[in-house]
Amino acid sequence: MGIKFRGFAGLLVLVSLGLLASCSNKSSSSSSSGPGTLFVTTQGDTSVSAFSVDPSTGKITANGTGLATGSTPSAIVLTPSGDAAFVTNRGTGDISRYTVASGGTLTAVSGAQAAGTNPMGMAIDTNGSFLFVANQGTGVPGSSTISVFSISGTTLAAVGAPVATADGAVAVAITPDGKYLYVANQFANLISAYSVDSTGALTPVPGSPYLAGTSPSALVVSPAGSFLYVANSGSDNISAFTICAVISNTCSVADGGLVPFPATFPAGLKPVSLALTPSGDFLYVADWQSNQVSGYAVSVASGTLTPTSQNAISTGVNPTWVAVHPGAGFLYTANIGGPSISVFTLNATTGALGTDGTAVSTGPLPSAIALK
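Residues numbered from 1 in each chain as written. Predicted model: local features only at pLDDT ≥ 70, side-chain atom pairs only at ≥ 80, totals over all residues. Heavy atoms only, no water.

Asks: Even after reading the chapter, I still don't get the sheet that holds strand 29 (residues 305-314), so can you show me in this structure?
Replies: Think of a sheet as strands paired side by side through backbone hydrogen bonds, with each pair either parallel or antiparallel. An order of 26-27-28-29 is seen for the four strands of this open sheet, with the pairing classed as antiparallel. Of all the strands in the sheet, the pair left with one neighbour each is strand 26 (271-276) and strand 29. The sheet shows a mean angle of 20° between the axes of neighbouring strands, direction not considered. Where strand 27 (residues 282-287) lies against strand 28 (residues 292-298), six bridges are found, and the strand directions are antiparallel. (Pairing = 2+ DSSP bridges. Helix = DSSP H or I, 4+ residues; strand = E, 2+ residues; numbered from the N terminus. Axes fitted to C-alpha atoms, helices over the stretch in contact; angles between N-to-C directions.)

Asks: When you look at the nonpolar core in this model, what are you seeing that I'm missing?
Replies: In a soluble, globular protein the nonpolar side chains are often hidden away together inside. One finds Leu38, Phe86, Leu131, Tyr332 and Ile369 to be the most contacted residues of the largest nonpolar core, which totals 39 residues. In this structure, Val170, Tyr180, Leu219 and Ile243 belong to the second largest nonpolar core, which totals 19 residues. (Core = buried A, V, L, I, M, F, W, Y, C linked by side-chain atoms within 4.5 Å. Buried < 20%, exposed > 50% of the residue type's maximum accessible area, 1.4 Å probe, protein only.)

Asks: Please explain the packing of aromatic side chains as it appears in this structure.
Replies: Given two aromatic rings, one states the distance between the centres and the angle between the planes to describe the pair. By the definition in use, this model includes three aromatic pairs. Their ring planes at 55° and their centres at 6.4 Å tell us that Phe130 and Phe132 sit as a pair that is tilted. Classification of Phe132 as buried rests on a relative accessible area of 0%. Where Phe227 meets Phe261, the ring centres are 6.0 Å apart and the plane angle is 85°; that geometry is what we call edge-to-face. You can see Phe227 sitting in strand 22 (residues 227-232) and its partner Phe261 sitting in the loop between strand 24 (257-260) and strand 25 (265-266), a full 34 residues away along the chain. (Phe/Tyr/Trp six-rings, centres within 6.5 Å; stacked < 30°, edge-to-face > 60°.)

Asks: Hey, could you run me through the environment of Asp255 in this one?
Replies: By the element assignment, Asp255 lies in the loop between strand 23 (237-244) and strand 24. When its relative accessible area of 22% is taken as the criterion, Asp255 is described as partly exposed. Put simply, Asp255 and Leu38 are 217 residues apart on the chain and 36 Å apart in space, counted from C-alpha to C-alpha. If we ignore the near neighbours within four places in the chain, the residues touching Asp255 are Tyr180, Val205, Pro206 and Cys244. Engagement of the side chain of Asp255 in a polar contact is seen with the backbone nitrogen of Gly257, the distance being 3.0 Å. (Contact = heavy atoms within 4.5 Å. Polar contact = N/O pair within 3.5 Å; in protein donor to acceptor, adjacent residues only side chain to side chain.)

Geometric values such as these leave the question of function open.
Structure (structure tokens):
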């Protein structure tokens, strides 16, 4: 998941670019039996590039030359099979499409798919049937929407008209069973919840939207579909919710509604991206202003977060996206202020991250990562 700011007027060129978008870690990595390829979008040269991943060290090396995206690429997702990639382009309001070869090389597909206004974060269901896109809108209340597309290879077909959501939609996450979709609405400090039917159509969940912290910028669903975690970049903390997919002591109705935890969990300065390990045992947060990744042990039963003994590790400048490799013990951050990608080993027992100082240079303003 990655950082999102208003982007309509701003402090630095990064903010004026609409500084990035995010999705859950579910939509930024695809299933794999081992290391393979890392893809990174870069806003400064409007491109997407592939890097090969070393299976023993996690180190990455360039694999071919970058391909063009639209203006201000904000997020990238892979289909579950890993044979197609999609990139949202905030500046041009569309989605670039690519085929992905078995070796990880990309081939651009002619013609971008129109999206909503300022498309940001994306998510794909685990069956690879539907792509969900958060359209930030113009900043005017009522202009934010969610677009839904059916997926056939690299072809996207709109499922109905875009659905209205609360102000400032920047990130989306879907439950593993594909039944419920959640949206981080950054300008409204709210999380919207929708049920998803067999056609991909969205229906608001009763009780939605739900209050988050200040400027929710990224969100991720636990692998079992029991909990939702939200990075609040304005209040420097993480909100956690129980997902009411089944009736329990916490949930009186199984309708996808959210029950907030009684307290938030502290993070570093400006947390903007989240990633869970495939097992769901550890959660990592990119703290943009702290130049670090914070780590938490996750209670699979209760969803409670506890800082790992390491607590945090330094990254490059302004980490905007954090991603865990789905098939091996490695973690990566895209550092938009570098510009670089930081490479870490991940201890599956303790959750500790290790680095030999490796940082790989990228094109200017790296904004998002996907792993295969």
